[in-house]
Amino acid sequence: MINHSYLRLFSFCILILFLQACDNESKKGAGKYGMMDTNTPDYAAVEFFQHVYNDKNLNKAIAMSTERMARLLNSYRTNRNVQRHVFDLVYDEVDIQPDTGNSIGRSEFAESAVVTLFFTGTLYDERVEDIRVIEMVRKDGKWLVDKIQPDKYL
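About the thresholds
- Residues numbered from 1 in each chain as written.
- Predicted model: local features only at pLDDT ≥ 70, side-chain atom pairs only at ≥ 80, totals over all residues.
- Heavy atoms only, no water.
- Helix = DSSP H or I, 4+ residues; strand = E, 2+ residues; numbered from the N terminus.
- Contact = heavy atoms within 4.5 Å.
- Areas by Shrake-Rupley, 256 points an atom, 1.4 Å probe, with all protein chains shown as cover.
- Pairing = 2+ DSSP bridges.
- Core = buried A, V, L, I, M, F, W, Y, C linked by side-chain atoms within 4.5 Å.
- Buried < 20%, exposed > 50% of the residue type's maximum accessible area, 1.4 Å probe, protein only.
- Patch = residues over 30% accessible without salt bridge, like charges linked within 9 Å, V, L, I, M, F, W, Y side chains within 5 Å.
- Salt bridge = Lys/Arg side-chain N within 4 Å of Asp/Glu carboxyl O.

(A) Region of interest: the overall build of the protein. Each helix and strand counted, the protein has five helices and four strands in total. Starting at the N terminus, the α and β elements of the protein follow one another as α-α-α-α-α-β-β-β-β. Considering only residue pairs separated by 6 or more positions, the protein has 51% of its internal contacts joining residues 24 or more positions apart. As displayed, the protein has an accessible area near 10,800 Å², and 53% of this comes from carbon and sulfur atoms.

(B) Structural view of the pairing of strand β3 (residues 126-139). With twelve bridges joining them, strand β2 (residues 112-123) and β3 adopt antiparallel strand pairing. The residue bridging Thr 120 from the neighbouring strand is Glu 129, located in β3. Hairpin connection between β2 and β3: a loop of two residues separates the two successive antiparallel strands, and Tyr 124 in this loop has a positive phi of roughly 55°. Bridge count between β3 and strand β4 (residues 142-148): six bridges; the pairing is antiparallel. Within β4, the residue paired with Met 136 across the bridge is Val 145.

(C) Geometry of the nonpolar core. Residues Phe 48, Phe 49, Tyr 53, Phe 87, Leu 117 and Phe 119 are the most contacted members of the largest nonpolar core, which totals 27 residues. Of all the secondary-structure elements, those providing two or more residues to this core are α2 (41-54), α4 (67-76), α5 (79-87), β1 (93-98), β2, β3 and β4. With seven residues, the single largest contributor to this core is α2. Discounting residues that sit within four places of it in the chain, Tyr 53 has contacts with Gln 83, Phe 87, Leu 89, Val 90, Tyr 91, Val 94, Ile 96 and Phe 119.

(D) Geometry of a nonpolar patch on the surface. A cluster of nonpolar residues, Leu 7, Phe 10 and Ile 14, forms a patch on the protein surface that exposes about 310 Å² of accessible area. By secondary structure assignment, the location of Phe 10 is in helix α1 (residues 2-22). A relative accessible area of 54% places Phe 10 in the exposed class.

The structure is reproduced here in structure tokens:
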């Protein structure tokens with residue numbers, strides 16, 4: 001009887017592991033702990049850059065852009081070209097965090113916002129850190145990337 005109960009327990013554990021393995025749609029949120037509110041300009045800016053650095057094409061980043069930014073991204077065609085020529089910021093692997101220290105005001109009612117992002121990553125096995133300031137606009141309730149300010153203003 002004891003062997004039979006161990007067999008049931010073992011079968012139950014295997015079933016649980018199997019069901020968890022089937023859940024491949026786990027989302028990684030933005031922000032340091034993945035808990036950033038999804039309806040903020042900070043979240044949209046981080047997601048935009050995640051699409052440029054981690055996706056195979058620019059389609060999702062273009063969908064998160066104003067018409068002006070979308071034309072610019074389309075003209076460079078590939079993610080690596082956008083990183084190199086538009087952002088002047090190339091990484092092999094990158095972690096992107098918003099500066100939440102200067103979030104003054106209520107972004108839920110704003111029509112535009114300026115977001116500062118910190119980039120930490122590697123390029124050719126060397127650690128690279130940088131910062132970018134992104135101008136965001138809200139259209140139809142959705143935050144879109146409008147401009148990326150040049151380095152000389154930082």
